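Listed below, chain by chain, are the residues.
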Amino acid sequence: MQITDVRVRKITKEGKMKAVVSITLDDVFVVHDIKVIEGDKGLFIAMPSKKAADGEFRDIAHPINSGTRDMIQKTILDAYEEVLKQPDFEEGEGALV
């Protein structure tokens, strides 16, 4: 499986969420609403989730092993860092990496 497209939308409001990302897998499947979060130990990703009837949030799409999660996270965080380096990047606008 290859990530063939990454689209980053930076969040302008103050807070821990820094961006919302969409990725395309093998040019045929898209996952929207992956969040880039600033945590105590640095940036990490949160997969798209939905609030369940019991009030808990549950992922609606996620990798099933740590190697795949690590690959997706590295690709997304690398793309996020590249977007931040773009001199003409405006806060709040989307960027294709």
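I will try to describe carefully the structure that is included in this document. (Residues numbered from 1 in each chain as written. Predicted model: local features only at pLDDT ≥ 70, side-chain atom pairs only at ≥ 80, totals over all residues. Heavy atoms only, no water.)

**As for the overall build of the protein chain**
Regarding its fold elements, the protein chain presents one helix and seven strands. When the helices and strands of the protein chain are placed in sequence order, the string is β-β-β-β-β-β-α-β. Residues classed as buried in the protein chain amount to 30% of the 97 residues present. Taking as baseline every contact in the protein chain between residues at least 6 positions apart, the subset at least 24 positions apart corresponds to 35%. Carbon and sulfur atoms provide 51% of the accessible area of the protein chain, an area that totals close to 6,500 Å². (Helix = DSSP H or I, 4+ residues; strand = E, 2+ residues; numbered from the N terminus. Buried < 20%, exposed > 50% of the residue type's maximum accessible area, 1.4 Å probe, protein only. Contact = heavy atoms within 4.5 Å. Areas by Shrake-Rupley, 256 points an atom, 1.4 Å probe, with all protein chains shown as cover.)

**Comments concerning the nonpolar core**
Counting residues in hydrophobic clusters, the biggest one holds 18 residues, and the most contacted among them are V8, V21, I23, I34 and I76. If you list the elements that add at least two residues to this core, you get β1 (3–10), β2 (17–25), β3 (29–39) and α1 (66–85). When residues in this core are grouped by element, the largest group, six residues, is from α1. (Core = buried A, V, L, I, M, F, W, Y, C linked by side-chain atoms within 4.5 Å.)

**Looking at the pairing of β3**
For a regular strand, side-chain orientation follows a simple rule: the groups alternate between the two sheet faces. With seven bridges joining them, β2 and β3 adopt antiparallel strand pairing. Bridge pairing in β3 links V21 to I34. Counted between consecutive antiparallel strands, the loop separating β2 from β3 contains three residues, among which D26 sits at a positive phi close to 50°. Where β3 meets strand β4 (residues 42–46), five bridges bridge the pair, whose relative direction is antiparallel. If you follow E38 over to β4, its bridge partner there is L43. Linkage of β3 to β4, two consecutive antiparallel strands, is achieved through a turn of two residues. (Pairing = 2+ DSSP bridges.)

**Topic: the environment of P48**
Residue placement: P48 occurs in the loop between β4 and β5 (49–51). It is 5.3 Å that separates the C-alpha atoms of P48 and D33, two residues lying 15 residues apart in sequence.

**Here we look at α1**
In a regular helix each residue adds 1.5 Å, so 20 residues correspond to 28 Å; α1 covers 28 Å between its end C-alpha atoms and thus fits that length. Among the residues of α1, I72, I76, L77, A79, Y80 and V83 are the ones counted as buried. Down the axis of α1, the buried set is contained in an arc of 160°. They therefore lie on one face. Away from its buried face by more than 90 degrees, α1 exposes S66, K74 and K85. One side-chain oxygen of the residue at the start of α1 lies 3.3 Å from the amide nitrogen of G67, identifying that residue as N65. (Expected span 1.5 Å × (residues − 1). Arc of directions from axis to C-beta. Polar contact = N/O pair within 3.5 Å; in protein donor to acceptor, adjacent residues only side chain to side chain.)

None of the figures reported here should be taken as evidence of function without further support.
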